[in-house]
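# Summary of structural features
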Amino acid sequence: MSGTEQKSEAASSQAPICVRDATAGDEARWRVLWAGYTAFYETDVPADVTAHTWARILDPASPISCRLAEREGRVAGFAVSVLHPGTWGHGPRCYLEDLFVDPKVRGGGVGRALIQDLITRGRAEGWIELYWQTKASNTVARRLYDSFTPADEFVRYCVQLA
Ligand SMILES: CC(C)(COP(=O)(O)OP(=O)(O)OC[C@H]1O[C@@H](n2cnc3c(N)ncnc32)[C@H](O)[C@@H]1OP(=O)(O)O)[C@@H](O)C(=O)NCCC(=O)NCCS
């Protein structure tokens, strides 16, 4: 992933949001937000898996990347995505796997800025599509998502293997 930065103004009069790649110095803050994210999903991600995820985020050879949104110098949210090849086009597809915004700053455009950042970067880098999924009942997130594109008709099948 490139180290590009994108500044976007929230709809409100709040300070601008800066979206950038995660770096090693972000680990402590990312872990706090990650803990909030896994708590939101009422799941316990084992410590070694979290460590592995963070290591892959920092590894430029990994297809996993993490963009952080900063407002007034404080990291307010993250988007973790996986870039992978696809069979229906020449360019890669991007799966937005994890999106989370600090509850204290929700509703201020941070989530929107994180998604818009991936769209902008994907267009510039020739990705075929950006896609993600959420629970049908996640109405807050879906209000944001519906403003980018309508949900499609696909349903998800997931066989747990481990
Ligand atoms: C979903 C989430 C990432 C949105 O982040 P956010 O920074 O609050 O989103 P934004 O401020 O960019 O919201 C944009 C839109 O979403 C809607 N929205 C967001 N929060 C809302 C709230 N609390 N009440 C009503 N609408 C809300 C609004 O329609 C808003 O539209 P607007 O920009 O026209 O006002 C955040 O709520 C979150 O982290 N939730 C918990 C984790 C989660 O659900 N992750 C996604 C899993 S797939």
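The structure reproduced in this document is the subject of the present report. (Residues numbered from 1 in each chain as written. Predicted model: local features only at pLDDT ≥ 70, side-chain atom pairs only at ≥ 80, totals over all residues. Heavy atoms only, no water.)

## Observations concerning the overall build of the protein chain
Secondary structure summary: the protein chain contains 4 helices and 6 strands in total. When the helices and strands of the protein chain are listed from N to C terminus, the series reads β-β-α-α-β-β-β-α-β-α. Computed over its C-alpha atoms, the radius of gyration of the protein chain comes to 16 Å, within 12% of the 15 Å expected for a compact globule of 162 residues. Reported as C-alpha extents along the three principal axes, the dimensions of the protein chain are approximately 40 × 35 × 35 Å. Counting all 162 residues of the protein chain, 38% fall into the buried class. Within the protein chain, counting contacts between residues at least 6 apart in sequence, those at least 24 apart form 58% of the total. Carbon and sulfur atoms form 56% of the exposed surface of the protein chain, whose accessible area is close to 10,100 Å². (Helix = DSSP H or I, 4+ residues; strand = E, 2+ residues; numbered from the N terminus. Rg over C-alpha atoms; globule rule 2.2 N^0.38 Å. Buried < 20%, exposed > 50% of the residue type's maximum accessible area, 1.4 Å probe, protein only. Contact = heavy atoms within 4.5 Å. Areas by Shrake-Rupley, 256 points an atom, 1.4 Å probe, with all protein chains shown as cover.)

## Details of the packing of aromatic side chains
For the coordinates displayed, the defined rule picks out 12 aromatic pairs. Judged by centre distance (5.4 Å) and plane angle (85°), the rings of Tyr37 and Tyr41 are edge-to-face. Judged by its relative accessible area of 8%, Tyr37 falls in the buried class. Taking relative accessible area as the criterion, Tyr41 reaches 32% and is therefore assigned partly exposed. Measuring from ring centre to ring centre gives 5.2 Å for Phe40 and Tyr41, while their planes differ by 85°; the resulting arrangement is edge-to-face. The class of Phe40 is partly exposed, set by a relative accessible area of 44%. Feature note: the residues Trp30, Trp34, Tyr37, Phe40, Tyr41, Trp54, Phe78 and Phe100 constitute an aromatic cluster, connected by ring pairs. (Phe/Tyr/Trp six-rings, centres within 6.5 Å; stacked < 30°, edge-to-face > 60°.)

## Looking at the site of the ligand
Taken together, 20 residues sit near the ligand, with Gly107, Gly109, Gly111, Arg112 and Asn138 positioned nearest. Interatomic distance of 2.8 Å between a backbone N/O atom of Gly107 and an oxygen atom of the ligand. For the shell around the ligand, the secondary structure elements donating two or more residues are β5 (93–101), α3 (110–125) and α4 (139–146). Ranked by residues supplied to the shell around the ligand, first place goes to α4 with 5 residues. Of the residues that constitute the shell around the ligand, the class distribution is 10 nonpolar, 7 polar and 3 charged. (Near = heavy atom within 4 Å. Polar contact = N/O pair within 3.5 Å; in protein donor to acceptor, adjacent residues only side chain to side chain. Nonpolar A, V, L, I, M, F, W, Y, C, P; charged D, E, K, R; others polar.)

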